[in-house]
Amino acid sequence: SPFSHLSCIVFRFRSLCRLQRIRGQMMTSQAGAEILVEKVGNAGVITLNRPKALNALNMNMIRLMYPQLKKWETDNETDIVIVKGAGGKAFCAGGDIRAVTEAGKIGDALAKNFFREEYILNNTIGTYQKPYVALIDGITMGGGVGLSVHGRFRVATEKTLFAMPETAIGLFPDVGGGYFLPRLQGQLGLFLALTGFRLKGRDVQRAGVASHFVESQKVLLALEKELVDLKTPSIEDVSRVLDSYQKRVGCLTLAKMSPTSLKITFKQLQAGGTMSLQEVLVMEYRLSQACMKGSDFYEGVRAVLVDKDHSPKWSPSTLKEVSEQSVEDCFSSLGDRDLKL
């Protein structure tokens, strides 16, 4: 009948509208997903995607990340996992403490489940059977430390800011803090745990929190691409790539310096470790006078302070050209002109 035909049209129209709404919700959810997951070649890449919240870790993110890591761990087509943060300001600034606080006040299960599931995720990272690389560019605190420090590779940049600030909010340094903090050099871990002191940039790697350090976002992007392009990489392969980028940092830094100054400084510090203060000052006066007689000091001042072109022309221009004898001469006695203390 006409009425049944009309009813069929209305039903189809409503179904189509419902389908469009569902598709719209899915697209919105995907566009605003808190965890972005992608496969690039044989690499699994996870991006923490709450930039406005500095990628703070919430329950939804934990529940998305955990099964994905478990899946990739046994997937023959995934050889390496890379984890990073969106927005350029933070890797992950911590856990979603506000939500946990509100839940704890009213006895909501989230207060129990969040920590339980977060710690299970930390353990999964700490025991991961494939190369796990955390690019800890920007703020990395609390929960973000748990997503990185237990992994085999942690790459810091000059923007990395690390801290375990839990004692300031009546908590303790969790996410495995009791494991990795005592294993830092000396009593550094205890100091970081009690004070919440912030380590920045290269110091994060020097302390042992990061395994490697690279400079700038541009270099980090190049590093990520090289890791992704590796074919069936082993732990050793990944380590080799990361080491090569770290060596480039050192070379780029030292390449700016006077080769003569570098060799003089190296010998100065070697000798000074067993000298008294007075002996060191006598030695350094000799070095100051050697620099006054050379050309690099005047060229360095010109390049950095006068013309400010930051392009000094060192002479000699390479470390190889600086002879051992010329360095020794800089440390020679000045006779009557030596410093008297």
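Residues numbered from 1 in each chain as written. Predicted model: local features only at pLDDT ≥ 70, side-chain atom pairs only at ≥ 80, totals over all residues. Heavy atoms only, no water.

Per an unreviewed UniProt entry, the protein chain goes by 3-hydroxyisobutyryl-CoA hydrolase and derives from Oncorhynchus kisutch. UniProt annotates the protein chain under Function (unreviewed entry) with the comment "Hydrolyzes 3-hydroxyisobutyryl-CoA (HIBYL-CoA), a saline catabolite. Has high activity toward isobutyryl-CoA. Could be an isobutyryl-CoA dehydrogenase that functions in valine catabolism. Also hydrolyzes 3-hydroxypropanoyl-CoA." (UniProt positions renumbered as here; feature names shortened; annotations may be inferred.)

Draft legend 1. Representation of the sheet that holds strand E5 (residues 132–136) within the structure. Here we have six strands laid out as an open sheet, ordered E1-E2-E3-E5-E7-E10, and mixed in their pairing. Either end of the sheet is taken by a strand with one partner, and the two such strands are strand E1 (35–40) and strand E10 (212–213). Judged from the four bridges that link them, E5 and strand E7 (residues 153–156) form a sheet pairing that is parallel. When the bridges of E7 are listed, Ile136 appears paired with Ala156. Against the sheet, helix H2 (residues 59–73) engages E1, strand E2 (43–48), strand E3 (80–85) and E5, with an angle of about 170° to E2. (Pairing = 2+ DSSP bridges. Helix = DSSP H or I, 4+ residues; strand = E, 2+ residues; numbered from the N terminus. Contact = heavy atoms within 4.5 Å. Axes fitted to C-alpha atoms, helices over the stretch in contact; angles between N-to-C directions.)

Draft legend 2. Main features of the pattern of salt bridges. Counted by the stated rule, this structure contains 15 salt bridges. With a closest N to O distance of 2.8 Å, Glu117 and Arg63 form a salt bridge. Pair noted here: Glu117 is in helix H4 (residues 110–126) and Arg63 is in helix H2, with a separation of 54 residues, a long-range link. Overall, Glu117 belongs to the partly exposed group, its relative accessible area being 22%. According to the relative accessible area criterion, Arg63 is partly exposed, its value standing at 45%. Residue Lys267 is joined to Glu328 by a salt bridge in which the shortest nitrogen-to-oxygen separation is 3.2 Å. Placement of Lys267 in helix H11 (residues 259–272) and of Glu328 in helix H14 (residues 324–330) is noted, with a sequence separation of 61 residues between them. According to the relative accessible area criterion, Lys267 is partly exposed, its value standing at 26%. (Salt bridge = Lys/Arg side-chain N within 4 Å of Asp/Glu carboxyl O. Buried < 20%, exposed > 50% of the residue type's maximum accessible area, 1.4 Å probe, protein only.)

Draft legend 3. The sheet that holds strand E6 (residues 139–141), seen in detail. As summarised here, the arrangement of the four strands in space is E4-E6-E8-E9, forming an open sheet in which the pairing is mixed. The open sheet has two edge strands with one neighbour each: strand E4 (90–92) and strand E9 (199–200). As judged from the three bridges shared by E6 and strand E8 (residues 161–163), these two strands associate in the parallel manner. The partner of Ile139 across the bridge, within E8, is Leu161.

Draft legend 4. Examining the packing of helix H3 (residues 97–105) against H4 more closely. It is at 8 Å that the axes of H3 and H4 come closest, and there the two elements cross at 135°. Classed by the angle they form, the pair H3 and H4 counts as oblique. Taken together, the residues of H4 that come into contact with H3 (itself represented by Ala99, Val100, Ala103 and Gly104) are Leu110, Ala111, Phe114 and Phe115. Within the contact of H3 with H4, the residues separate by chemical class into seven nonpolar, one polar and no charged. (Parallel < 35°, antiparallel > 145°, perpendicular 65-115°, else oblique. Nonpolar A, V, L, I, M, F, W, Y, C, P; charged D, E, K, R; others polar.)

Draft legend 5. Region of the structure containing the nonpolar core. Leu48, Met65, Leu69, Tyr132, Leu147 and Phe162 are the most contacted members of the largest nonpolar core, which totals 41 residues. Those elements that provide at least two residues to this core are E2, H2, E3, E4, H4, E5 and helix H7 (188–195). Residue contributions to this core peak at six residues, all from H2. In this view, Leu147 contacts Leu48, Leu57, Met65, Phe91, Cys92, Leu121, Asn122, Ile125, Tyr132 and Ala134; residues no more than four positions away in its chain are not counted. Counting 18 residues, the second largest nonpolar core, distinct from the first, contains Ile80, Leu135, Leu227 and Leu242. (Core = buried A, V, L, I, M, F, W, Y, C linked by side-chain atoms within 4.5 Å.)

Draft legend 6. Quick peek at a nonpolar patch on the surface. On the surface, a cluster of nonpolar side chains totalling about 430 Å² of accessible area is made up of Ile97, Tyr119, Ile169, Leu171 and Phe172. The topology assignment puts Phe172 in the loop between E8 and helix H6 (177–180). (Patch = residues over 30% accessible without salt bridge, like charges linked within 9 Å, V, L, I, M, F, W, Y side chains within 5 Å. Areas by Shrake-Rupley, 256 points an atom, 1.4 Å probe, with all protein chains shown as cover.)

Draft legend 7. Focus on the pairing of E1. Alignment of E1 against E2, held across six bridges, turns out to be antiparallel. Counted as the bridge partner of Val37 is Ile46 from E2. Once E1 ends, the chain turns through two residues before running back antiparallel as E2, passing Gly41 with a positive phi of about 65°.

Draft legend 8. Region of the structure containing the packing of aromatic side chains. Taken as a whole and assessed by the stated rule, the structure comprises five aromatic pairs. Consider the rings of Phe297 and Tyr298, whose centres lie 5.4 Å apart with planes at 70°: the pair is edge-to-face. For Phe297, a relative accessible area of 40% puts it in the partly exposed group. Among the residues examined, Tyr298 registers a relative accessible area of 45% and is labelled partly exposed. Geometry around Tyr179 places Arg183 over its ring, the cationic atom sitting 4.0 Å from the centre. Above the ring of Phe331, the side-chain terminus of Lys267 is found at 5.4 Å from the ring centroid. (Phe/Tyr/Trp six-rings, centres within 6.5 Å; stacked < 30°, edge-to-face > 60°. Lys NZ or Arg CZ within 6 Å of the ring centre and 35° of its normal.)

Draft legend 9. Here's a closer look at helix H12 (residues 277–293). Taking 1.5 Å per residue as the helical rise, H12 with its 17 residues ought to reach 24 Å, and the 25 Å between its terminal C-alpha atoms agrees with that figure. If you check which residues of H12 are buried, you get Val280, Val282, Met283 and Leu287. End-on, the buried residues of H12 take up no more than an arc of 165°, which puts them together on one face. In H12, those exposed residues whose orientation departs by more than 90 degrees from the buried face are Leu277 and Lys293. In this fold, the buried residues of H12 make contact with H11 and H14. (Expected span 1.5 Å × (residues − 1). Arc of directions from axis to C-beta.)

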